[in-house]
Amino acid sequence: MKPRLSAKLAILTLVLLAASAAFAVQGPPQFSADTTTTSANGNLNMTGKAYFAPPRMRVDMSRAGETKKAGPGGGKMTVIVDAPAKVMYMLMTEQHMYMEFSTDKDSSMTQNLPKFSDMLRGGEPCSGREGVTCKKVGTESIDGRPCDKWELTEKSGKIQTYWMDQRLHFPLKVISRDITTVYTNIKEGPQDPALFKVPSDFRKMDMGGMGGRPPR
């Protein structure tokens, strides 16, 4: 049987990628951060560690305070986005397995996401997102760091809220529908390039018609 992504994991992945939409023209400094992702109904409660070396990013995550599995076959998961390679990886760390998804515009998994080539061009969080408008609504502090607060309105009328760090040009808090992602404990500095590669001892899963690339 082919593996299936849970709806919650798919939503979380979209949030992680959408949070990257703020990379400025010059690119923000490299940094790491603690991250939490929760849903308003309490069904999603995940914690982890994020690493950013634009245009690459990685988030290690696990489900907090629950016995349910965070992903197919395991409770811990890593998402790696490699923009130059146009690929996203989902690693099941306990099983030493991974799934690979194309981030090309024709990919069914990512065709509705903002594109990294557009993300890197401008400081507004809706940069590169067709049909999305931005409105700056104030300035607030997240974990002691000054942030510009933006409201993003989609064609459907749904609103997302971003708190953009004024130095990193990156959203330290994102509310998208009923899901909230927050980045805290920011540590600026170079990140190990090995963090953004799939370990050699991980086995690739057959994605079939799920939008992933065939084995190389």
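Residues numbered from 1 in each chain as written. Predicted model: local features only at pLDDT ≥ 70, side-chain atom pairs only at ≥ 80, totals over all residues. Heavy atoms only, no water.

Examining the environment of Ser200
Keep this limit in mind: What counts as a helix is a DSSP run of H or I of at least four residues, what counts as a strand is a run of E of at least two, and both are numbered from the N terminus.
Position of Ser200 relative to the elements: it lies in the loop between β11 (179-188) and β12 (203-204). Taking the C-alpha atoms as reference points, Ser200 and His96, 104 residues apart in sequence, are found 9.6 Å from one another.

Focus on the pattern of salt bridges
Operational definition: A pair is scored as a salt bridge if a Lys or Arg side-chain nitrogen falls within 4 Å of a carboxyl oxygen belonging to Asp or Glu. When accessible area is computed with a 1.4 Å probe and restricted to protein chains, residues below 20% of their type maximum are described as buried, those above 50% as exposed, and intermediate ones as partly exposed.
The final tally for this structure, using the stated rule, is ten salt bridges. A salt bridge links Arg145 to Glu188; the shortest N-O distance between them is 3.3 Å. Taken together, the positions of Arg145 in strand β8 (residues 145-153) and Glu188 in strand β11 put the pair 43 residues apart, joining distant regions of the chain. On the basis of relative accessibility, which here comes to 19%, the residue Arg145 falls in the buried class. A residue is classified by how much of its surface remains accessible, and Glu188, at 36% relative accessible area, is partly exposed.

Details of the environment of Thr35
Counted only if it meets this: The contact definition used throughout considers only heavy atoms, calling two residues in contact when any of these lie within 4.5 Å.
Within the secondary structure, Thr35 is located in strand β1 (residues 31-39). Of the residues examined, Thr35 reaches a relative accessible area of 5% and is grouped as buried. With residues near it in sequence (within four places) discarded, Thr35 still touches Met46, Thr47, Gly48, Lys49, Ala50, Val59, Thr181, Val182 and Tyr183.

Examining the pairing of strand β3 (residues 56-63)
We count it as follows: If DSSP finds at least two bridges between two strands, the strands pair.
In terms of burial, β3 is a largely internal element, six of the eight residues being buried. Pairing analysis gives eight bridges linking strand β2 (residues 45-53) to β3, with the strands arranged antiparallel. When the sheet's bridge partners are listed, Tyr51 is paired in β3 with Arg58. As consecutive antiparallel partners, β2 and β3 are separated by two residues. Strand direction decides the pairing type here: β3 and strand β4 (residues 76-82), joined by seven bridges, are antiparallel. Paired with Ser62 across the strands is Lys76, a residue of β4.

Structural notes on unusual backbone geometry
One can expect most non-glycine residues to show negative phi and most peptide bonds to be in trans. Cis geometry is adopted by the peptide bond preceding Pro55, which originates at Pro54 and carries an omega value of 10°. As for its position among the elements, Pro55 is in the loop between β2 and β3. Even without a glycine there, the phi angle at Asp143 is positive, about 55°. Judged by relative accessible area, which is 48%, Asp143 ranks as partly exposed. At Asn185, a residue that is not glycine, the phi angle is positive and equals roughly 55°. As for its position among the elements, Asn185 is in strand β11.

A few points about the sheet that holds β1
Reading across from one edge, β7-β8-β9-β10-β11-β1-β2-β3-β4-β5-β6-β12 is the order of the twelve strands in this open sheet, with mixed pairing throughout. Unpaired on one side and paired on the other, β7 (133-142) and β12 mark the two borders of the sheet. Strand direction decides the pairing type here: β1 and β11, joined by eight bridges, are antiparallel. Across the sheet, the residue bridging to Thr35 is Tyr183, located in β11.

So, the confidence of the model for the chain
To be explicit about the condition: What pLDDT expresses is the predictor's confidence in each residue, scored from 0 to 100.
Averaged over all residues, the pLDDT of the chain equals 76, while 67% of them reach at least 70. The least confident element of the chain is helix α2 (residues 116-119), whose mean pLDDT is 42; the most confident is β12, at 95. Considering only residues more than four positions removed or in separate chains, one finds that residues 66-74, a stretch of pLDDT under 50, has 22 contacts. A low-confidence stretch, residues 209-216 (pLDDT under 50), is modelled with 26 contacts involving residues beyond four sequence positions or located in other chains.

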